Amino acid sequence: MTEFQPRVFSGVQPTGNLHLGNYLGAIARFVPLQDEMPAIYCVVDLHAITVKHDPALLAGTTREVTAAYLAAGIDPKKAIIFNQSQVREHAELAWIFNCIARIGWLSRMTQFKEKAGKNRENASVGLFAYPTLMAADILAYRATHVPVGDDQKQHLELTRDIAQKFNNDFADQIKELGLGIPNPTPSPELPDELFFPLTEPMIAGPATRIMSLRDGTKKMSKSDPSDLSRINLRDSAEEIAKKIRKAKTDPEPLPSEMDGLAERPEAANLVGIYAALSGKSKDAVLSEFAGQPFSVFKPALADLAVDKLAPMTGEMNRLLADPGHIDAVLRDGAGRASEIAGPVLRDARRIMGFLEGR
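Rules behind the numbers
- Residues numbered from 1 in each chain as written.
- Predicted model: local features only at pLDDT ≥ 70, side-chain atom pairs only at ≥ 80, totals over all residues.
- Heavy atoms only, no water.
- Helix = DSSP H or I, 4+ residues; strand = E, 2+ residues; numbered from the N terminus.
- Expected span 1.5 Å × (residues − 1).
- Bend = angle between axes of the 7 residues up to and from the residue.
- Phe/Tyr/Trp six-rings, centres within 6.5 Å; stacked < 30°, edge-to-face > 60°.
- Lys NZ or Arg CZ within 6 Å of the ring centre and 35° of its normal.
- Buried < 20%, exposed > 50% of the residue type's maximum accessible area, 1.4 Å probe, protein only.
- Pairing = 2+ DSSP bridges.
- Axes fitted to C-alpha atoms, helices over the stretch in contact; angles between N-to-C directions.
- Parallel < 35°, antiparallel > 145°, perpendicular 65-115°, else oblique.
- Left-handed = near helix turned anticlockwise from the far one by under 90°.
- Contact = heavy atoms within 4.5 Å.
- Nonpolar A, V, L, I, M, F, W, Y, C, P; charged D, E, K, R; others polar.
- Core = buried A, V, L, I, M, F, W, Y, C linked by side-chain atoms within 4.5 Å.
- Polar contact = N/O pair within 3.5 Å; in protein donor to acceptor, adjacent residues only side chain to side chain.
- Patch = residues over 30% accessible without salt bridge, like charges linked within 9 Å, V, L, I, M, F, W, Y side chains within 5 Å.
- Areas by Shrake-Rupley, 256 points an atom, 1.4 Å probe, with all protein chains shown as cover.
- Salt bridge = Lys/Arg side-chain N within 4 Å of Asp/Glu carboxyl O.
- Lys, Arg positive; Asp, Glu negative; His and termini not counted.
- Charge placed at Lys NZ, Arg CZ, Asp CG, Glu CD.

Residue-level account of helix H15 (residues 323-352), with values.
Given a rise of 1.5 Å per residue, 30 residues ought to cover 44 Å, and the 41 Å separating the end C-alpha atoms of H15 matches this to within 8%. At Glu339, H15 shows its maximal bend, which comes to roughly 30 degrees, and the proline Pro343 appears one to four places after that position. Two residues or fewer after H15 comes Gly353, characterised by a positive phi angle close to 95 degrees.

This is the structure:
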């Protein structure tokens, strides 16, 4: 092999209350990529246990994310869909990466600081090491591209750092075992041959980060105590319309240009949502609604959201009524994922110098 095979990997946590931010920021972007390159989409249930969780709910929320993938249009015959815990290579490679990554790198992760808060001493080691497991998720498949939201960009940069350090630290072994791929961009920082690619982030679209409907400065979140802060993917048409109607705004009409949204986070969020759902640019949305009050814009956004989400909600409910089918999709996907990740882990073990007894 003279170059890394293009491959996309991404995943969504099964922590309940899948919402519009999960859909626009992640799932909706997965669908077209399955026609551009080999695609692997994971339900990252190992990540879900880094914080306190209810074991009685985990299987159901794992199926819910899978149903969302399928209802959004991801084809399990084209893409690989599986839940992370069924493919043990993720966990073993994560341990290797725990020994590659540095505490200083992980200490700088913004998301850990936010989730641990003032109770940092009581946060789990898993939450602290979350980014090394994310790196293993990606690099177990030597994935070259990852669609991520702005909030995950720092974790992907860490994935690149881990890959680079592994390639550097074990350059001699990689070359001696014939496991390297020519470095397409040689530099003093990297050897001539690489085992892991330096994965590229794919951050695109008018709404890469959807904010709360109650506070435009905070990300839309499953854990927000107010259900009015988010549009859940299984909300009814009436619930969607109600939440948009009650969404926080300001008294000013919509501007004609993006500069007019600079100090208006709630207005900017709603415009971004409309743009993402309609497939238009934010500039085009503002051109259409320039000078209009929110009493005009909100009903239009509600109609658009219902039109786009209602068919997906119906399909999710249909799929969730047949958990056996969902489980079969995940089992098949896990087998196909293991066929890719297994050889990568075996080669990584050889590079590390582990003695193979079987």
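After that view, the rundown keeps rolling.
Please give an account of the packing of aromatic side chains that cites residues and values.
Evaluated as defined, the whole model comprises 14 aromatic pairs. One residue, Arg142, lies across the ring of Phe195, its end atom 4.4 Å from the ring centre.

Describe the pairing of strand E3 (residues 80-83), listing the residues and the values that go with them.
Every second residue of E3 is oriented toward a common face, with Ile80 and Phe82 on one face and Ile81 and Asn83 on the other, all of them buried. As paired strands, strand E2 (residues 39-43) and E3 are joined by 4 bridges and run parallel to one another. By the bridge assignment, Cys42 is partnered in E3 with Phe82.

How would you sum up the packing of helix H3 (residues 55-72) against helix H14 (residues 294-320)? Please name residues and give values.
H14 packs onto H3 with a crossing angle of 130 degrees between their chain directions and a minimal axis gap of 9 Å. Judged by the inter-axis angle, H3 sits oblique to H14. Remark: the crossing between H3 and H14 carries right-handed chirality. From H3, Arg63, Glu64, Ala67, Ala68, Leu70, Ala71 and Ala72 reach across to H14, where they touch Met312, Glu315, Met316, Leu319 and Leu320. Broken down by class, the residue content of the contact of H3 with H14 amounts to 9 nonpolar, no polar and 3 charged.

So what's going on with the nonpolar core? Which residues, and what values?
In terms of nonpolar packing, the biggest core is built from 58 residues, with Leu20, Tyr23, Tyr41, Tyr69, Ile273 and Phe297 touching the most fellow members. Counting 49 residues, the second largest nonpolar core, distinct from the first, contains Ala143, Leu158, Ala163 and Ile174.

For the side chain of Arg29, give the residues involved together with the corresponding values.
Checked against the element boundaries, Arg29 lands in helix H1 (residues 20-33). Relative accessible area serves as the criterion here: at 14%, Arg29 is assigned to the buried category. A distance of 2.9 Å separates a polar atom in the side chain of Arg29 from the backbone oxygen of Gly25.

Outline the environment of Leu261, listing residues and values.
Checked against the element boundaries, Leu261 lands in the loop between helix H11 (237-246) and helix H12 (265-278). Judged by its relative accessible area of 5%, Leu261 is buried. Through-space distance from the C-alpha of Leu261 to that of Leu286 is 9.9 Å; in sequence the pair is 25 residues apart.

Which residues make up the side chain of His19, and what are the values?
Following the sequence through the fold, His19 ends up in the loop between strand E1 (8-12) and H1. Separated by 3.4 Å, the side chain of His19 and the backbone oxygen of Met220 make a polar contact. Apart from the residues lying within four places of it in its own chain, the contact partners of His19 are Met220, Ser221, Lys222, Arg230, Ile231, Asn232 and Leu233.

Account for a positive patch on the surface, naming residues and giving values.
Taken together, the side chains of Arg214, Lys242, Arg245 and Lys246 define a basic patch exposed on the protein surface. The topology assignment puts Lys242 in helix H11. With relative accessibility at 39%, the residue Lys242 sits in the partly exposed group.

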